[in-house]
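Structural overview for review
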Amino acid sequence: MKFGKTLVVRLANSAPSLHSKWNDEALRIDNRDPASAFFPADVLYEGGQRLHGTVWPERLFREADMFPHKNVTYCLDGFRELVTSQFSLDDLDEFLFESGALPPREHFQVVYIEPETH
């Protein structure tokens, strides 16, 4: 976040319930305090753009993350998130969106890369 890099969530052929189970909100982690968040569901929306501003960096950054600028948290322009998987187009909706693994499909721009055939 603080370097404006891309966060890649690589699922391969798995579909963990990141949206419905494995995030701070679903686990009822009180992340309103500084340095108390781990994986907010907001990272899965709008390519991570919901994490820009001051609220999420303050909640996510630990003291070591703020080095060398103590008590300064930020999400640098250019930060974004993308999710990759190896699911076929036929299985994508069932395993990633309908299962609750990810937020509804309308929050994503799906890009399909045709596998090479040898």
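Bear in mind that the values here come from a model prediction, so they are computed numbers and not experimental data. (Residues numbered from 1 in each chain as written. Predicted model: local features only at pLDDT ≥ 70, side-chain atom pairs only at ≥ 80, totals over all residues. Heavy atoms only, no water.)

Now for the packing of aromatic side chains. Going through the model one piece at a time under the given rule, you end up with two aromatic pairs. Consider the rings of Phe87 and Phe95, whose centres lie 5.2 Å apart with planes at 10°: the pair is stacked. Phe87 gets classed as buried once you look at its relative accessible area, which sits at 14%. Judged by its relative accessible area of 34%, Phe95 is partly exposed. On the numbers, 5.5 Å between centres and 55° between planes, the contact of Phe97 with Phe108 is tilted. Placement of the pair is Phe97 in helix α2 (residues 89-98) and Phe108 in the segment after α2, with a sequence separation of eleven residues. Looking at Arg50, its charged tip hangs above the ring of Tyr45, at a distance of 4.1 Å from the centre. (Phe/Tyr/Trp six-rings, centres within 6.5 Å; stacked < 30°, edge-to-face > 60°. Buried < 20%, exposed > 50% of the residue type's maximum accessible area, 1.4 Å probe, protein only. Helix = DSSP H or I, 4+ residues; strand = E, 2+ residues; numbered from the N terminus. Lys NZ or Arg CZ within 6 Å of the ring centre and 35° of its normal.)

What follows is about the side chain of Asp24. For Asp24, the location among the structural elements is in the loop between β1 (6-10) and α1 (55-60). For Asp24, a relative accessible area of 2% gives the class buried. Residues within four places of Asp24 in sequence aside, it is in contact with Ile29, Asn31, Ala37, Phe38, Phe39 and Pro40. (Contact = heavy atoms within 4.5 Å.)

A cluster of acidic residues, Asp90, Asp91, Glu94 and Glu98, forms a negative patch at the surface. By secondary structure assignment, the location of Glu94 is in helix α2. Look at Glu94 and you get partly exposed, because its relative accessible area is 44%. (Patch = residues over 30% accessible without salt bridge, like charges linked within 9 Å, V, L, I, M, F, W, Y side chains within 5 Å. Areas by Shrake-Rupley, 256 points an atom, 1.4 Å probe, with all protein chains shown as cover. Salt bridge = Lys/Arg side-chain N within 4 Å of Asp/Glu carboxyl O. Lys, Arg positive; Asp, Glu negative; His and termini not counted. Charge placed at Lys NZ, Arg CZ, Asp CG, Glu CD.)

The final tally for this structure, using the stated rule, is three salt bridges. Close ionic contact of Arg50 with Asp42 constitutes a salt bridge, the shortest N to O distance being 3.3 Å. Arg105 is the salt-bridge partner of Asp93, the closest N and O atoms lying 2.6 Å from each other. Residue Asp93 is found in helix α2, and its partner Arg105 is found in the segment after α2; the two are separated by twelve residues along the sequence. Looking at Asp93, the relative accessible area reads 27%, which means it is partly exposed. Here Arg105 falls in the partly exposed class, since its relative accessible area comes to 32%. Via salt bridges that share partners, Asp42, Glu46 and Arg50 belong to a single interconnected network.

Mapped onto the elements, Glu81 comes out in strand β2 (residues 80-84). Despite its burial, Glu81 remains without a salt bridge, the nearest opposite charge being carried by Arg80 at 9.9 Å. In contact with Glu81, other than residues within four places in its own chain, are Leu7, Val9, Val43, Leu44, Gly47 and Gly48.

What follows concerns the environment of Leu89. Residue position: Leu89 is located in helix α2. Here the alpha-carbon distance between Leu89 and Glu25, two residues 64 residues apart in the chain, equals 29 Å.

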